[in-house]
Amino acid sequence: MTTYGPAVDDLLRTLAPQVVGVLTRRWGDFAAAEDAVQEALLDAATQWPAEGVPRNPRGWLVQVAGRRMTEQVRSEQARRRREELVAGQIPADRRSAPRADAGDKNSHDDTLTLLFLCCHPVLSPASAIALTLRSVGGLTTGEIARAFLVPEATMGQRISRAKQRIKASGVPFRMPDDAEWPARLDAVLHVLYLIFNEGYASSTGPQLQRVELSREAIRLARAVHALLPDNAEVAGLLALMLLTEARGPARTGLDGELVPLAEQDRNRWDIAAIDEGVALITAALPRGPVGPYQVQAAIAAVHDEAPTAAETDWPQILALYGVLARISDNPLIILNRAVATAMVDGPAAGLALLVDPPSALADHHRLYAVRAHLHELAGEKEAAVADYRTAARCTASLPERHHLSLRAARLATRA
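Here, residues in each chain are numbered from 1, in the same order as that chain's written sequence. Reporting of local features is limited, given that this is a predicted model, to residues whose pLDDT is at least 70; pairs of side-chain atoms are given and counted only at 80 or more, and all residues count toward the totals for whole chains, interfaces and linings. Computation of side-chain values: all heavy atoms of the structure, hydrogens and water removed.

It is not clear to me how the packing of helix H15 (residues 332-345) against helix H17 (residues 365-377) should be interpreted in this structure. Could you clarify?
Axis angle and axis distance: for two packed helices, these are the angle between their axes and the distance between the axes, and together they describe the pair. Note on geometry: axes are C-alpha line fits, over the in-contact stretch for helices, and angles between N-to-C directions span 0 to 180 degrees. Each helix is a run of DSSP H or I of at least 4 residues and each strand a run of E of at least 2, with the numbering of both proceeding from the N terminus. In the contact formed by H15 and H17, the axes pass within 10 Å of each other and the chain directions differ by 10 degrees. One way to sum up the angle between H15 and H17 is to call them roughly parallel. Here Leu332, Leu335, Asn336, Ala338, Val339, Ala342 and Met343 of H15 lie close against H17, whose contacting residues are Arg366, Leu367, Val370, Leu374 and Leu377. In the contact of H15 with H17, the residues fall into 10 nonpolar, 1 polar and 1 charged. Here roughly perpendicular refers to angles of 65 to 115 degrees, roughly parallel to angles under 35, roughly antiparallel to angles over 145, and oblique to all remaining angles. By the convention used here, residues are in contact when the closest approach between their heavy atoms is within 4.5 Å. Each residue is assigned to one class: nonpolar for Ala, Val, Leu, Ile, Met, Phe, Trp, Tyr, Cys and Pro, charged for Asp, Glu, Lys and Arg, and polar for all the others, Gly among them.

In structure tokens:
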């Protein structure tokens with residue numbers, strides 16, 4: 001999507017999934033609808049700056065994208081047969097699209113339905129992330145490709161395969177039924193969580209953060225929370241994102257270098273985001289049942305509410321990690337729990353938890369980074385330097401590699 005003004009750009013990102021939903025519901029073809037809407041968004045990016053935003057921008061996009069759909073249907077014999085079948089099932093008074101500026105009184109927002117479709121369990125997490133950012137987030141294929149450091153053609157193929165897989169699966173365009181709901185909501189929250197994490201701490205490349213991804217994840221999490229305000233885990237995920245993102249301004253120094261949590265200038269943290277996140281998790285926890293996103297948000301709140309690193313309530317954090325370990329199988333919890341244990345019972349106790357780590361962590365740079373940190377706390381300089389260097393070799397993030405290498409170099413030169 002071409003950016004020509006924050007207000008209009010935000011409007012198009014908000015409207016894109018709604019229009020895809022309208023066309024998918026009308027024509028029954030998600031892949032074709034998504035392609036048609038992307039073309040309509042490009043038309044809007046070209047025409048609206050010169051002609052002004054229509055009185056009914058959603059109706060304008062529906063009409064323009066609908067024309068694209070009609071052209072696609074009529075371009076192939078199979079499409080023509082399908083058009084006749086669909087037309088026969090729709091009352092005559094609903095077959096024509098409203099004029100671009102017509103009222104849209106009977107419309108409803110299909111954003112959440114579309115989000116559930118893009119995060120369907122038939123897709124891998126990588127495909128679901130790409131499709132969600134494209135269809136629900138409104139990012140172009142090029143923007144997504146740049147964010148994940150792959151060629152645009154490669155990302156285009158990934159998105160195309162994801163759409164075709166959904167089409168082949170025969171998944172209907174509707175909200176999950178009662179039996180499907182838990183797994184489908186879990187998939188949605190997991191995809192948003194992965195998008196946020198990649199934005200907040202990029203796994204590869206020269207950037208420490210990709211704010212367009214973390215902000216988009218927060219925007220989508222807000223949309224899910226607005227539609228499911230009583231779901232405690234949805235509130236927990238949004239709170240976790242806000243409480244984590246609040247530290248973003250302090251995560252880099254003047255030269256762009258990574259600044260660890262304990263060394264950050266807390267005056268640079270976003271107080272409004274912290275207050276909102278704390279309010280969300282405080283209200284969510286009593287509703288239960290308590291899930292992993294709520295517990296992670298509670299941990300983030302304890303960190304964010306500490307006036308200084310030295311005043312962090314580590315015993316409370318350690319207790320919360322104990323709860324998290326019982327309800328989640330994420331191996332990274334072991335690393336965070338080891339750090340909390342070290343802060344409460346000493347570095348030797350933390351290191352003891354990492355003697356036999358899960359195989360999933362065998363080559364993960366965070367295992368070696370945590371071990372290095374704990375060795376450093378214990379005064380074991382040589383072991384710390386070795387682990388810092390191994391961690392630097394294992395990470396694909398250039399800022400993290402630089403940070404870890406610098407820690408090793410500084411420690412190795414100390415008397």
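After that view, the rundown keeps rolling.
Would you mind showing me how to read the environment of Trp181 here?
When you line up the elements, Trp181 lands in helix H9 (residues 181-200). With relative accessibility at 25%, the residue Trp181 sits in the partly exposed group. Between the alpha carbons of Trp181 and Phe116 there is a distance of 9.7 Å; along the sequence they are 65 residues apart. Not counting residues up to four positions away in its chain, the partners in contact with Trp181 are Phe116, Met175, Pro176 and Leu228. To sort residues, take the accessible area from a 1.4 Å probe on protein chains only and compare it with the maximum for the residue type: under 20% means buried, over 50% means exposed, and anything in between is partly exposed.

Would you mind showing me how to read helix H11 (residues 232-245) here?
Because each turn of an α-helix spans 3.6 residues, side chains separated by three or four positions end up pointing in the same direction. Compared with the 20 Å implied by 1.5 Å per residue over 14 residues, the 20 Å span of H11 between its first and last C-alpha is a close match. Within H11, 14 of the 14 residues are buried, which leaves the element mostly enclosed by the surrounding structure. Polar contact is defined as a pair of N or O atoms within 3.5 Å, subject to the rule that within protein one atom must be able to donate a hydrogen and the other to accept it, and that residues adjacent in sequence are counted only when both atoms are side-chain atoms. The N-terminus of H11 is capped by Asn231, whose side-chain oxygen sits 3.0 Å from the backbone nitrogen of Glu233. A helix is expected to reach a length of 1.5 Å times the quantity of its residues less one.

Where do I start with the packing of aromatic side chains in this structure?
The relative placement of two aromatic rings is captured by the distance of their centres and the angle of their planes. Pairing of aromatic rings covers Phe, Tyr and the six-membered ring of Trp, with a centre-to-centre limit of 6.5 Å; geometry is then stacked below 30 degrees between planes, edge-to-face above 60, and tilted otherwise. Enumeration according to the criterion identifies 3 aromatic pairs in this entry. Pairing Phe196 with Tyr200 gives two aromatic rings, centres 5.8 Å apart and planes at 10 degrees, and the pair type is stacked. Note that Phe196 and Tyr200 are positioned in helix H9 at a spacing of 4 residues, about one turn of the helix. As far as the burial class goes, Phe196 and Tyr200 line up, both buried. We note Arg251 situated over the ring of Tyr200; from NZ or CZ to the ring centre the distance is 4.0 Å. Should the NZ of a Lys or the CZ of an Arg lie within 6 Å of a ring centre and within 35 degrees of the ring normal, that charge is described as sitting over the ring.

How should the environment of Thr413 be read in this particular structure?
Structurally, Thr413 can be placed in helix H19 (residues 398-413). With relative accessibility at 67%, the residue Thr413 sits in the exposed group. Here Arg410 takes part through its backbone oxygen, which lies 3.0 Å from a polar atom of the side chain of Thr413.

Sorry, what's going on with the pattern of salt bridges here?
Two side chains carrying opposite charge are able to pair once their charged atoms lie near each other. By salt bridge we mean one thing: a side-chain nitrogen of Lys or Arg within 4 Å of a carboxyl oxygen of Asp or Glu. Summed over the entire model, instances satisfying the criterion amount to 14 salt bridges. A salt bridge links Lys163 to Asp35; the nearest nitrogen and oxygen atoms lie 2.4 Å apart. Taken together, the residues Lys163 in helix H8 (residues 152-169) and Asp35 in helix H2 (residues 30-51) connect sequence positions 128 residues apart. Given a relative accessible area of 6%, Lys163 falls into the buried group. Of the charged contacts, one joins Asp304 and Arg247 as a salt bridge, the two residues approaching to 2.7 Å between their closest N and O atoms. With Asp304 in helix H13 (residues 292-305) and Arg247 in the loop between H11 and helix H12 (271-284), this pair connects stretches of sequence that are 57 residues apart. The burial state of Asp304 is the same as that of Arg247; both residues are buried. Within the structure, one salt-bridge network assembled from shared partners comprises Glu34, Asp35, Arg134 and Lys163.

When you look at the nonpolar core in this model, what are you seeing that I'm missing?
For soluble globular proteins, nonpolar side chains are generally found buried alongside one another. Here, the term nonpolar core denotes a set of buried Ala, Val, Leu, Ile, Met, Phe, Trp, Tyr and Cys residues that are joined through side-chain atoms within 4.5 Å. One finds Leu61 and Leu192 to be the most contacted residues of the largest nonpolar core, which totals 88 residues. At 10 residues, H11 tops the list of elements feeding residues into this core. Those residues in contact with Leu192, other than ones at most four positions away along the chain, are Leu115, Ala217, Leu220, Ala221, Val224, Leu237 and Met241. Ranked by size, the runner-up nonpolar core spans 22 residues in total, among them Ile299, Ile317, Tyr321 and Leu351.

Would you mind showing me how to read a nonpolar patch on the surface here?
On the surface, Leu285, Val290 and Ile327 cluster together into a nonpolar patch covering about 220 Å² of accessible area. Mapped onto the fold, Leu285 is located in the loop between H12 and H13. Its relative accessible area of 33% is what places Leu285 among the partly exposed residues. Exposure above 30% relative accessible area and the absence of a salt bridge qualify a residue for a patch, where like charges join within 9 Å and nonpolar side chains (Val, Leu, Ile, Met, Phe, Trp, Tyr) within 5 Å. In short, Shrake-Rupley with a 1.4 Å probe defines the accessible areas, and a residue's cover is counted only from the protein chains shown.

Can you help me understand the packing of H17 against H19 in this one?
The contact between H17 and H19 brings their axes to 12 Å, and the two run at 30 degrees. Accordingly, the angle class assigned to the pair H17 and H19 is roughly parallel. Helix-helix and strand crossings are classified by hand; for H17 and H19 the assignment is left-handed. Of H19, the residues touching H17 (which contributes His365, Ala369 and Glu376) are Glu400, Leu404, Arg407 and Leu411. Take the far helix as your reference; a near helix turned counterclockwise from it by less than a right angle gives a left-handed crossing, and one turned clockwise gives a right-handed crossing.

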